[in-house]
Amino acid sequence: VESGTGSGSLSTSIARALAPTGHLFTFEFNEVRYNAAMEDFKNNGLDHLITTTWGDALGKGFKPLRCDRFSPNEVYADAVFLDLPAPWDAIGHVDAVLKENGMVCNFSPCIEQVQKTCLEMEKQGFKEIRTYEVQIKDLNVREIVYEKLPLDGTKKPKRKLENKE
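Draft legend 1. Quick look at the overall build of the protein. For the protein, the count of helices and strands is 5 helices and 5 strands. When the elements of the protein are put in sequence order from the N terminus, they spell out β-α-β-α-β-α-β-α-β-α. Across the 165 residues in the protein, those meeting the buried criterion constitute 30%. Relative to all contacts within the protein whose residues are 6 or more apart in sequence, the contacts with residues 24 or more apart total 61%.

Right, dumping it as structure tokens:
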């Protein structure tokens, strides 16, 4: 389960990791992002691996998780990914869809979000709550322009030699 589909980038990666036997249920509140993600999933041939739901997962929760590919068609999740502005509001809904010993992954850019979510997870009875910080690394990005090489074999590229005295 993923809540906060957004552009569908993470959804695509998760679906490819789950293929061919798994299935992703993703929830998006914003209708424009929901429609764009659905179209991308279809264009990339992933729509059979992803069930996308438009609506308020924070208010209504994640149930039911139904998929015709499975029997019984109501299923439970191995993991729940939260990419939301207020993930602590979703924690109360997680238990209804998560398998025993399942995992929760929360993406939060601010320590205050992390703290509030961890406190709510503890309150809801989650165990082994861990937080990882990903550090930013500066990258030196530059453009290098190369002379176009003739690849048809008709000409040899001219070499310019510098005379350093």
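Draft legend 2. Summary view of the sheet that holds strand β5 (residues 98-106). Within the open sheet, the 5 strands sit side by side as β3-β2-β1-β4-β5. Their pairing is parallel. On the outer flanks of this sheet lie β3 (50-54) and β5, each paired with one strand and no other. Of the strand pairs in this sheet, strand β2 (residues 24-28) and β3 are connected by 5 bridges, and their pairing is parallel. Counterpart to phenylalanine 25 in the pairing with β3 is threonine 51.

Draft legend 3. How the structure looks around the environment of aspartate 56. In this structure, aspartate 56 sits in the loop between β3 and α3 (57-60). Owing to a relative accessible area of 32%, aspartate 56 belongs among the partly exposed residues under this scheme. Linking aspartate 56 and phenylalanine 27, residues 29 residues apart in sequence, is a C-alpha distance of 7.9 Å. Contact partners of aspartate 56, with chain neighbours within four places excluded, come to Phe29 and Gly61. Separated by 3.2 Å, the side chain of aspartate 56 and the backbone nitrogen of leucine 58 make a polar contact.

Draft legend 4. Here's a closer look at the layout of surface pockets. Computed from the structure, the largest pocket encloses a volume of approximately 1,100 Å³. If you trace the largest pocket, you find 33 residues lining it, with Val104, Cys105, Met121, Ile129 and Arg130 closest to the centre. Contributing elements (two or more residues each) for the lining of the largest pocket: β4 (77-82), β5 and α5 (111-123). With 9 residues, the single largest contributor to the lining of the largest pocket is β5. Of the residues assigned to the lining of the largest pocket, the class counts are 18 nonpolar, 8 polar and 7 charged. The space that makes up the second largest pocket amounts to roughly 280 Å³. Lining the second largest pocket are 16 residues, and of these Leu18, His23, Tyr76, Ala77 and Asp78 lie nearest its centre.

Reading the values: rules and limits
- Residues numbered from 1 in each chain as written.
- Predicted model: local features only at pLDDT ≥ 70, side-chain atom pairs only at ≥ 80, totals over all residues.
- Heavy atoms only, no water.
- Helix = DSSP H or I, 4+ residues; strand = E, 2+ residues; numbered from the N terminus.
- Buried < 20%, exposed > 50% of the residue type's maximum accessible area, 1.4 Å probe, protein only.
- Contact = heavy atoms within 4.5 Å.
- Pairing = 2+ DSSP bridges.
- Polar contact = N/O pair within 3.5 Å; in protein donor to acceptor, adjacent residues only side chain to side chain.
- 1 Å grid on protein atoms, 1.4 Å probe; cavity = no way out; pocket = protein on both sides within 12 Å on 5 of 7 lines; lining within 4 Å.
- Points joined across faces, edges and corners; volume = space filled by probe spheres on them.
- Nonpolar A, V, L, I, M, F, W, Y, C, P; charged D, E, K, R; others polar.

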